[in-house]
Amino acid sequence: MPGPAISLYSKHGVILGLVLSAFLSPSPASPLSAQKNADVPGLLRQVREEVLGLGKYPGEDFVRGEFFLGEGDDDTNKTHAVGILVKDEAEGSRMTIVISRLEPSRDNPRVKYTREPKTIVCRFSADRVETVRSDYTSEDLRTLLPAVVQAVVDKKNLLKK
């Protein structure tokens with residue numbers, strides 16, 4: 001199956017989201033086929049659960065992961081880097097997602113620099129998800145978050161977790 005197709009530019013010329021080719025014709029077995037019309041809090045919950053499935057690194061009191069969005073299986077061809085941190089706090093669990101565009105170096109195209117970081121911060125309580133901060137609109141998140149979930153699932157499969 002081909003990898004994700006990279007997103008589209010908004011009318012303002014800024015990359016705001018990614019559209020996976022799998023969403024255009026998802027298979028029934030696809031974990032994201034039911035997420036096509038999901039709400040943003042549900043997608044954020046799914047991202048959090050998938051990241052928590054990776055487990056903590058020794059000595060850390062939070063869960064973190066680094067993922068890539070873009071076409072194909074080879075990370076060298078990816079166009080966006082995603083960093084996710086989930087930490088339990090007194091008021092509930094807090095998740096921070098930072099998504100940056102990857103720009104190839106002029107000297108060595110295999111070296112990529114992150115550009116235009118955008119952040120999503122949310123808090124989870126027992127019965128709700130609160131978006132504390134988002135550099136994306138709700139519509140952009142509905143498009144972008146399924147790609148983030150898929151990137152986490154792909155990495156978990158790669159790591160056999």
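Residues numbered from 1 in each chain as written. Predicted model: local features only at pLDDT ≥ 70, side-chain atom pairs only at ≥ 80, totals over all residues. Heavy atoms only, no water.

Draft legend 1. Geometry of the pattern of salt bridges. Evaluated as defined, the whole model comprises 11 salt bridges. Here Lys156 makes a salt bridge to Glu50, at a shortest N to O gap of 2.8 Å. On the criterion of sequence distance, the pair formed by Lys156 in helix α3 (residues 138-159) and Glu50 in helix α2 (residues 40-52) is long-range, its members being 106 residues apart. With respect to class, Lys156 is no different from Glu50; both count as buried. (Salt bridge = Lys/Arg side-chain N within 4 Å of Asp/Glu carboxyl O. Helix = DSSP H or I, 4+ residues; strand = E, 2+ residues; numbered from the N terminus. Buried < 20%, exposed > 50% of the residue type's maximum accessible area, 1.4 Å probe, protein only.)

Draft legend 2. Main features of the packing of aromatic side chains. Using the criterion set out here, one finds 0 aromatic pairs in the structure. The ring of Phe124 carries Arg48 above its face, with NZ or CZ at 4.9 Å from the centroid. Taking the ring centre of Phe67 as reference, the NZ or CZ of Lys155 above it sits at 5.5 Å. (Phe/Tyr/Trp six-rings, centres within 6.5 Å; stacked < 30°, edge-to-face > 60°. Lys NZ or Arg CZ within 6 Å of the ring centre and 35° of its normal.)

Draft legend 3. Here's a closer look at the nonpolar core. In terms of nonpolar packing, the biggest core is built from 29 residues, with Leu44, Val47, Ile84, Met95, Ile97 and Leu145 touching the most fellow members. The element contributing the most residues to this core is α3, with 9 residues. Each residue touching Leu44, except ones within four places of it in the same chain, is listed here: Met95, Ile97, Ile120, Cys122, Phe124, Val129, Thr131 and Leu145. (Core = buried A, V, L, I, M, F, W, Y, C linked by side-chain atoms within 4.5 Å. Contact = heavy atoms within 4.5 Å.)

Draft legend 4. A look at the sheet that holds strand β4 (residues 112-124). As summarised here, the arrangement of the 5 strands in space is β1-β2-β3-β4-β5, forming an open sheet in which the pairing is antiparallel. Each edge of the open sheet is held by one strand with a lone partner, namely β1 (62-69) and β5 (129-134). The sheet shows a mean angle of 20° between the axes of neighbouring strands, taken without regard to direction. Summarising the sheet, strand β2 (residues 80-89) and strand β3 (residues 92-104) pair through 10 bridges and their orientation is antiparallel. Directly across from Gly83, in β3, lies its bridge partner Val98. Lying over the sheet, α2 contacts β1, β2, β3, β4 and β5, oriented at roughly 90° with respect to β3. Packed on one face of the sheet, α3 meets β1, β2, β3, β4 and β5 and runs near 105° to β1. (Pairing = 2+ DSSP bridges. Axes fitted to C-alpha atoms, helices over the stretch in contact; angles between N-to-C directions.)

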